[in-house]
Amino acid sequence: MSTGIPDAAPWSPGAAASAPRGRKGPVTLMVVGGVITVIAVIAFVVSLVAMTRTATSLERVASGQETSLELEDATVYGVYADSDPTCSATGPDGSPVEVSESRASVTVNGHPVQQSLITGEAGSYALTCTTTTGAPVWFGRLLSVTGIVSGTLVATGAVLAGLLGLALLGGGIIWFFVRRGRDERVRRSWGGPGAPVGR
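All figures in this text were calculated on a predicted structure; none of them were measured in a lab.

### Digging into the state of the cysteines
Moving on, step 1. Here the structure, examined in full by the defined rule, presents one disulfide.
Moving on, step 2. Here Cys87 engages in a disulfide with Cys129; their sulfurs sit 2.1 Å apart. The disulfide joining Cys87 to Cys129 has a torsion of about 115 degrees about its S-S bond and is therefore right-handed. Within this pair, whereas Cys87 is found in strand E4 (residues 86-90), its partner Cys129 is found in strand E9 (residues 123-130), the two being separated by 42 residues in sequence.

### Comments concerning the sheet that holds E4
Moving on, step 1. In space, the four strands of this open sheet follow the order E2-E9-E4-E5, with antiparallel pairing throughout. Here the strands that pair on one side only, and so sit at the sheet edges, are strand E2 (66-71) and strand E5 (96-97).
Moving on, step 2. Here E2 pairs with E9 via six bridges, running antiparallel. The residue of E9 that forms the bridge with Glu70 is Ser124.

### Some details on the environment of Leu117
Moving on, step 1. Position of Leu117 relative to the elements: it lies in strand E8 (residues 111-118).
Moving on, step 2. Given the relative accessible area of 3%, Leu117 is considered buried.
Moving on, step 3. Between the C-alpha atoms of Leu117 and Val97, which are 20 residues apart in sequence, the distance is 7.4 Å.

### Some points on the nonpolar core
Moving on, step 1. In this structure, Leu71, Leu117, Leu127 and Phe139 are the most contacted members of the largest nonpolar core, which totals 16 residues.
Moving on, step 2. Looking at this core, the elements with two or more residues in it are E2, strand E3 (76-80), E4, E9 and strand E10 (137-141).
Moving on, step 3. Among the elements that make up this core, the one with the highest residue count is E9 (three residues).
Moving on, step 4. Not counting residues within four places of it along the chain, the set of residues in contact with Leu71 comprises Tyr77, Leu117, Thr119, Ala122, Gly123, Tyr125 and Phe139.
Moving on, step 5. Membership of the second largest hydrophobic core comes to five residues, among which are Leu58, Tyr80, Val108 and Val113.

Criteria and cut-off values
- Residues numbered from 1 in each chain as written.
- Predicted model: local features only at pLDDT ≥ 70, side-chain atom pairs only at ≥ 80, totals over all residues.
- Heavy atoms only, no water.
- Disulfide = S-S within 2.5 Å.
- Helix = DSSP H or I, 4+ residues; strand = E, 2+ residues; numbered from the N terminus.
- Pairing = 2+ DSSP bridges.
- Buried < 20%, exposed > 50% of the residue type's maximum accessible area, 1.4 Å probe, protein only.
- Core = buried A, V, L, I, M, F, W, Y, C linked by side-chain atoms within 4.5 Å.
- Contact = heavy atoms within 4.5 Å.

What follows is the structure, encoded as C-alpha cells:
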C-alpha cells in the first residue's frame, strides 16, 4: 500500500561531502603576511638607523682648540652646545667656511644645536669653537625637525604594517591547519586519498 511519501534516494558514503579545497588560499595569505612583515621590519630598521645616526656620530670638540674633521660633500652639519659658542671653520683648501646660527630647534643627546655649516666638498675641515664657560661643543650631522617627523611617521607606519603582516601570517597559519584537517576528513569520507583536490 502506498503511503504517498516518495522513496528516499539510496545513501552512499561521501555523497554529500564536497571535494577537498586544497591549501592555495592559506599559503597565499601566509606569503602575503610574511612579505608585509619583512618589509615593515626593514622600513623600521632603516628609519631607526637614520634617526639615531646623528646621535651616535657626534664628535667632541674642545673649547678654543682647532679640531680636524673629515666631512662629506654637500652635507649640513651642526654645532651642538649648551650655550652659544663662537665658531670658525676652514675647508680642505684652507678657505674660510661660513658657520651661521642654526634656525633648527633640535636637541641631540641633551645638547641643542646652536650653529650650522654646509660643506662644499669632501675632505678635512678645521673647526674652532670657543664657549664662555670653557665647556666643549659637539659636532655632527644636523638632524632637522622635518627629518625627525618623517622618520617617526615611517617608524610608526612600519610598526602598524608589521602588526598587519603578523595578523595575516597568523591567520594564514590557522587557516592552513583548519583547511588541512577538513581536507583529510573529506578524503576519509571518500574512502581514500584519490578524491579530487581543489587548487
